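# Summary of structural features
Chain by chain, the residues:
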Amino acid sequence: ERSRQSLFERYEIITQNASDIIMMMDEDWKITEVNERAVATYGYRREELIGMDSAALRKPSSLTEVELEMASLDRTGHHIFETLHRCSSGEILNVEVSATKLKIGGKMYYLEIVRDITGRKKSEEELRESRQLFMDIISFLPDPTFVIDKAGTVLAWNRALEMMSGVPAEEI
C-alpha cells in the first residue's frame, strides 16, 4: 500500500508539473482526467473539462481530419499528428498530439499528450514568407544573379541569368 501511494504521488507530480497538456478520455472520447496545463491553456475549469466531449476542444473544421487520425490510432495503438484546438475564449491553437490507446481495468481509454506549437507554426510561416520575399527580390534583379549554399547547391537563379545563359532556373 505504501509503494502504491508513493507511485500515485510521483504520477501526480509528473502530470501536474508537465509543460504539455495531458488528458485521458474514455472509450466515448469523454474527458476523464486533465492536468493543470490543460486547465491553464484551454481556459476551462477542471470541473468543466471533466466529462466534456473531447471534440469540443477541436476546431470544427478539423473534426473530419481528427476522425481519420483517431481511426489510425485505433488500428495502431499510438499516433502522433498535428491539428487545431479551440480554447474557451475562441482562440485557435496549433497543436501536436501524441495519442495512445490504453486498456485499464478492462476498459478502453485514450491518453493524449498535447503540445501547443502555435509559436513554432508562426515562426515557420514567417520564415517561409521571408524566403519568398528574398527569392522574389533575387528573381527581379536586373543583373544576372545566382545564390549558392556552402555545399555549392544553387538556391536561386534569376531571370536575368536565365536570359544571359539560356538555362532556365528549373534545370539548375
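Here, every reference points to the structure presented above.
My aim in this report is to walk through the structure given alongside it, one point at a time. Each residue is numbered by its place in its chain's sequence as written, counting from 1. With the structure being a predicted model, the display of local features is reserved for residues of pLDDT at least 70 and the display and counting of side-chain atom pairs for 80 or more, all residues being used for whole-chain, interface and lining totals. Derived side-chain values reflect all non-hydrogen atoms in the structure, with water molecules and hydrogen atoms excluded from consideration.

### Examining the overall build of the chain
Scanning the chain for helices and strands turns up six helices and seven strands. Each helix is a run of DSSP H or I of at least 4 residues and each strand a run of E of at least 2, with the numbering of both proceeding from the N terminus. Written out in order from the N terminus, the α and β elements of the chain read α-β-β-α-α-α-β-β-β-α-β-β-α. Relative accessibility thresholds used throughout: buried, under 20% of the residue-type maximum; exposed, over 50%; partly exposed, between the two (1.4 Å probe, protein chains only). Each of the 172 residues in the chain was classed as buried or not, and the buried ones make up 29%. Contacts are assigned to residue pairs with any non-hydrogen atoms lying within 4.5 Å of each other. Taking all contacts inside the chain whose residues are at least 6 apart in sequence as the whole, residues at least 24 apart take part in 31%. Reported accessibility uses the Shrake-Rupley method at a 1.4 Å probe radius. Residues are deemed covered only where the shown protein chains occlude them. Accessible area of the chain: about 11,200 Å², with a carbon and sulfur share of 55%. The sign given to each residue is positive for Lys and Arg and negative for Asp and Glu; His and the chain ends receive no count. Here the site of a charge means atom NZ of a Lys, CZ of an Arg, CG of an Asp or CD of a Glu. If the 22 positive side-chain charges of the chain are averaged to one point and the 31 negative ones to another, these points end up 6 Å apart.

### Points about unusual backbone geometry
Positive phi, close to 65°, is recorded for W29, a residue that is not glycine. Given a relative accessible area of 15%, W29 falls into the buried group.

### Observations concerning helix α4 (residues 63-76)
Spanning 14 residues, α4 covers 20 Å between terminal C-alpha atoms, matching the ideal 20 Å at 1.5 Å per step. Along α4, the residues classified as buried are V66, E69, M70, S72 and L73. End-on view of α4: buried residues confined to an arc of 155°, all on one side of the axis. What points out from α4, more than 90 degrees from its buried face, is the exposed set T64, E67, L68 and R75. Immediately beyond the C-terminal end of α4, within one or two residues, lies G77, with a positive phi of roughly 90°. Every helix has an expected span of 1.5 Å times one less than the residues it contains. Starting at the helix axis, one direction is taken to each C-beta atom, and the arc is that of these directions.

### Digging into the sheet that holds strand β4 (residues 92-104)
DSSP-based pairing: two strands are paired if at least 2 bridges between them are found. Strand order in the open sheet made by the five strands is β2-β1-β5-β4-β3, with antiparallel pairing throughout. Among the strands making up the open sheet, the edge pair consists of β2 (31-34) and β3 (78-86). Here the strands of the sheet are splayed against their neighbours by 30° on average, with no regard to which way each runs. Here β4 pairs with strand β5 (residues 107-116) via ten bridges, running antiparallel. If you follow S98 over to β5, its bridge partner there is I113. Contacts between helix α5 (residues 118-140) and the sheet are confined to β3, β4 and β5, with β4 contributing the most and set at about 135° to the helix. Axes here refer to lines fitted to C-alpha atoms; in helices the fit is confined to the stretch in contact. Angles between the N-to-C directions go from 0 to 180 degrees.

### Notes on the packing of aromatic side chains
Each pair of aromatic rings taken from Phe, Tyr and Trp, with Trp reduced to its six-membered ring, is defined by centres within 6.5 Å and is described as stacked if the planes are under 30 degrees apart, edge-to-face if over 60, and tilted in the remaining cases. Summed over all chains, the structure comprises two aromatic pairs. Residues W29 and Y110 carry aromatic rings whose centres are separated by 3.8 Å and whose planes lie at 15° to one another, so their mutual orientation is stacked. Taken together, the residues span a long stretch of sequence, with W29 in the loop between β1 (21-26) and β2 and Y110 in strand β5 at a distance of 81 residues. By relative accessible area, which is 5% here, Y110 ends up buried. Here the aromatic rings of F146 and W157 are separated by 5.9 Å at their centres, their planes lie at 45°, and the arrangement is tilted. With a gap of eleven residues between them, F146 in strand β6 (residues 146-148) and W157 in strand β7 (residues 154-157) connect regions that are remote in the sequence. Relative accessible area serves as the criterion here: at 21%, W157 is assigned to the partly exposed category.

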